[in-house]
Amino acid sequence: MNTLEIKNLNVSIDGQAILKDFNLTIPKGEVHALMGPNGTGKSTLAKVMAGHEDYTVESGEILLDGENILGKEADEISHAGLFLAFQYPMEIPGVSIANFIRAARQARLPEGEDINAVEYYKELYAKMDSLKMDRKFTARSLNEGFSGGEKKRCEILQMAMLEPKYCVMDETDSGLDIDALRIVSEGVNHMRSEERGFLVITHYQRLLDYIIPDVVHVMYDGRIVHSGDKELAKELESKGYDWVKEEFASASA
Amino acid sequence: MTTTLENPTHSLSANEPSWLAERRAAGLDQFKSLAMPTARDEAWRFASVGKLSIDDFNPVPAPATSTLDALTERSDLVTARAGRCVYVDDAPANFEGISQELADQGVIYLPLTEAIEQHPELLEKYFLQESTELGSEKFFGLHAATVKAGAVLYVPKGVEIADPFVNYYWTSGTRSAVFPHTLVIAEDNSKVSVVDLFFSETKENEALNISVSNIHAGANAHVFRKIVQDWNEKTVSFQLDTTVAERDAQVQNVAVNIGAERARFESQTRIEGPGADVKMYSLTVAEESQEFDQRTYQTHNAGNAVSDLLYKNALLDNSRTIFSGLIKVAEGAQQTDAYQTNRNLLLDPTADANALPGLEILANDVRCSHGATTGNVDEAELFYMMQRGISRRVAMQLMVFGFFEEVIEKIDSDELAENLRQLIHNKFESKIK
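Residues numbered from 1 in each chain as written. Chains lettered and ligands numbered in written order. Predicted model: local features only at pLDDT ≥ 70, side-chain atom pairs only at ≥ 80, totals over all residues. Heavy atoms only, no water.

Some points on the overall build of chain B
Of the regular secondary structure elements, chain B holds nine helices and 20 strands. For 433 residues, the compact-globule formula gives about 22 Å, and the C-alpha radius of gyration of chain B, at 21 Å, lands near that figure. Viewed in the frame of its principal axes, chain B has a C-alpha envelope of about 65 × 55 × 50 Å. Long-range contacts, defined as pairs at least 24 residues apart, comprise 84% of the intrachain contacts of chain B with a sequence gap of at least 6. If you average the places of the 38 positive and of the 63 negative side-chain charges in chain B, the two averages end up 5 Å apart. (Helix = DSSP H or I, 4+ residues; strand = E, 2+ residues; numbered from the N terminus. Rg over C-alpha atoms; globule rule 2.2 N^0.38 Å. Contact = heavy atoms within 4.5 Å. Lys, Arg positive; Asp, Glu negative; His and termini not counted. Charge placed at Lys NZ, Arg CZ, Asp CG, Glu CD.)

Some points on the overall build of chain A
Secondary structure summary: chain A contains nine helices and 12 strands in total. Over its C-alpha atoms chain A spans a radius of gyration of 18 Å, differing by no more than 12% from the 18 Å that the globule rule assigns to 253 residues. Summarising its shape, the C-alpha atoms of chain A cover approximately 60 × 40 × 35 Å along the three principal directions. Taking all 253 residues of chain A together, the buried fraction comes to 53%. In the form shown here, chain A has an accessible surface area of approximately 11,200 Å², with 45% of it arising from carbon and sulfur atoms. Each charge sign in chain A was given a centre, from 28 positive and 43 negative side chains, and these centres are 5 Å apart. (Buried < 20%, exposed > 50% of the residue type's maximum accessible area, 1.4 Å probe, protein only. Areas by Shrake-Rupley, 256 points an atom, 1.4 Å probe, with all protein chains shown as cover.)

A closer look at the interface of chain B and chain A
Chain B puts 17 residues into the contact, and the matching count from chain A is 31 residues. Regarding the contact of chain B and chain A, the summed buried area is about 1,900 Å², with carbon and sulfur atoms giving 68% of it. The three residues of chain B that bury the most area against chain A are F383(B), Y384(B) and R388(B), which together make up 40% of that side's buried surface. Across the chain B-chain A interface, the total number found is one salt bridge. Here E155(A) and R388(B) are joined by a salt bridge, their closest N and O atoms 2.6 Å apart. Elements that contribute at least two residues to the side of chain B that touches chain A include exactly α7 (379-387) and α8 (392-408) of chain B. (Buried area = accessible area lost by both parts, 1.4 Å probe. Salt bridge = Lys/Arg side-chain N within 4 Å of Asp/Glu carboxyl O.)

Re unusual backbone geometry
Residue and element names in this part refer to chain B. Despite not being glycine, R175 has its phi angle at roughly 45°, a positive value. Summarising the element assignment, R175 is placed in the loop between β5 (165-171) and β6 (176-178). Residue classification places R175 among the partly exposed residues on the basis of a relative accessible area of 25%.

Description of the confidence of the model for chain A
On average, residues of chain A carry a pLDDT of 93, and 98% of them reach 70 or more. The lowest-confidence element of chain A is helix α9 (residues 241-252) of chain A, averaging 75 in pLDDT; the highest-confidence one is strand β6 (residues 82-85) of chain A, averaging 98. (pLDDT = per-residue confidence, 0-100.)

Here we look at the side chain of Q229(B)
All names here are of chain B. Locating Q229 in the fold gives a position in strand β10 (residues 222-230). Taking relative accessible area as the criterion, Q229 reaches 0% and is therefore assigned buried. At a separation of 3.1 Å, a polar atom in the side chain of Q229 contacts the main-chain carbonyl oxygen of G259. Setting aside residues up to four positions removed in sequence, Q229 forms contacts with F198, Q239, V256, N257, I258, G259, A260, A263 and F292. (Polar contact = N/O pair within 3.5 Å; in protein donor to acceptor, adjacent residues only side chain to side chain.)

A closer look at the sheet that holds strand β18 (residues 336-346) of chain B
Residue and element names in this part refer to chain B. In space, the 10 strands of this open sheet follow the order β2-β1-β5-β8-β10-β12-β14-β16-β18-β20, with mixed pairing throughout. Of all the strands in the sheet, the pair left with one neighbour each is β2 (91-96) and β20 (366-376). The average angle at which neighbouring strand axes cross in this sheet is 5°, direction not considered. Sheet analysis places strand β1 (residues 83-88) next to β5, joined by six bridges and oriented parallel. Following the sheet pairing, Y87 is matched in β5 by Y169. Packed on one face of the sheet, α8 meets β12 (250-257), β14 (277-286), β16 (306-315) and β18 and runs near 165° to β16. Of the strands in this sheet, β8 (191-200), β10, β12 and β14 are in contact with helix α9 (residues 414-429), which crosses β14 at around 30°. (Pairing = 2+ DSSP bridges. Axes fitted to C-alpha atoms, helices over the stretch in contact; angles between N-to-C directions.)

Pasting the structure below:
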């Protein structure tokens, strides 16, 4: 029950199959990395898991601790405990970070119950401090005018404040310089626990120098074609994705 | 059209000065002689004029004392104030006059009828002198013939008043017709702010409002007027407002429009002196079958002045908004800066926003811009917010607040800004499951 389990997932867009009998199980307490060439379906997987409606789910199940979340609304999936750190976080003009996260926390409370503002800000500031975010950011419009690094730190801040059971991180390393990468990774590592599972989607191995995965999966053409330990990421880095294509193109054909 | 409004039963002119009796008679004549607007009138383009009935609304007797007291109690959106008046169905419910200190400086703040009695020369000069040119001339005439409720504020030269004057206009009775009037005369180098609030006692009491407001800002006067229109959705409302700005005057109008079944808002700004700077901001939340019909006119009769208009509308359900704005720069009004922007956010595909921006420029050295945009809710933004666990309606509400923040942050009072956020929030509450 303590797993995020994707079973025989088939997803298409405009009649074109993107995910093909995709299977993956992430137990709580583990970090799984998902690597693969561009256009192989990694980001589609992340969005479908989060309940994005642009994709057609042909068949399959996504079981979060045994409960099927496939087909549910994005907010329900969030309440079930899945968090998606976006590759390109949206800019929301006029909505401050503090109010946005507060609304997300409020949405998790039973009707009639209100957030304790003092405790909320105390926690928010502590978590911002550890992500080396200026406290003045709380009043700024969400992601508006943020640098790439600031946006990703803001994603991790939201993740830390919402304490999900499973975190899906889509190309969190894109657009980060090495300092930001280190800070963001520390934030993620700080959240690693026996109570939480991670799926770290990345094109590059370098993120995995900071967030050491328990399992590495290689994705190609809509499915996982190979899995291994953290050494697999290094092998991929040295051999390149052409190796994956050559090795597994025939298998997936 | 037949309506008892044509023949006011209460005698208004018995003790009134002759100039006023003449203006009332002219108003009644204007009301009777002009035809009801039709869909063919350019000034009423896109408006649902067929549903714009003023029949069977009448001035009603003063409500019971208990009602007046209860609504006075509810007139509490601005606690730090220099004066307050509360009307219910045009009957005086409560009046908080100015301090002795302000009186000693020559400040006048009075209910309309008392101002007419005590300061007839002042009123003769300013009262009912600004009609509308934007289509509701007929209704202005009825207002002139009938008006008895209102607040008159006069600030002498050089007097600065920090706290606002707050005027509450309530409706309560059955099919009540009200005609509130706010008159602000700010002499040279004075500084003053006013808040006008329009409320209904219940969600159900049907009403007709034809209100008029005039601001006269003298040389280098600073006037800040905030308007909160939160009638219930059984109200037909006309707000006919005019601002006149002399040399170097600075005037800000911020309007928050939430209520009424049909709300016609005519806003005229006339710049009569160089260096004047007039800002007009408005935000509107339209829901169900509400219609907000906004007509604006920025006239620059003097050069080197600024007028800046920003109207933002958020629309839900089957609601409609109409924005029609005209900037007119007179010959010789060089180096005018005039801006006009209308932004509409459609939260439901069935909502309908219409925009008719316009320019008429007779000078050659001016900077003018006008623009209107209408956009839908960004689905990618919505998905992002929902992924954090925020429901669709709450996410939309946050987006609306974000959309409005540009206007709300211009309100200098935190208390009022917060109260306005709460009013907007209340409007959404029924929609959040």
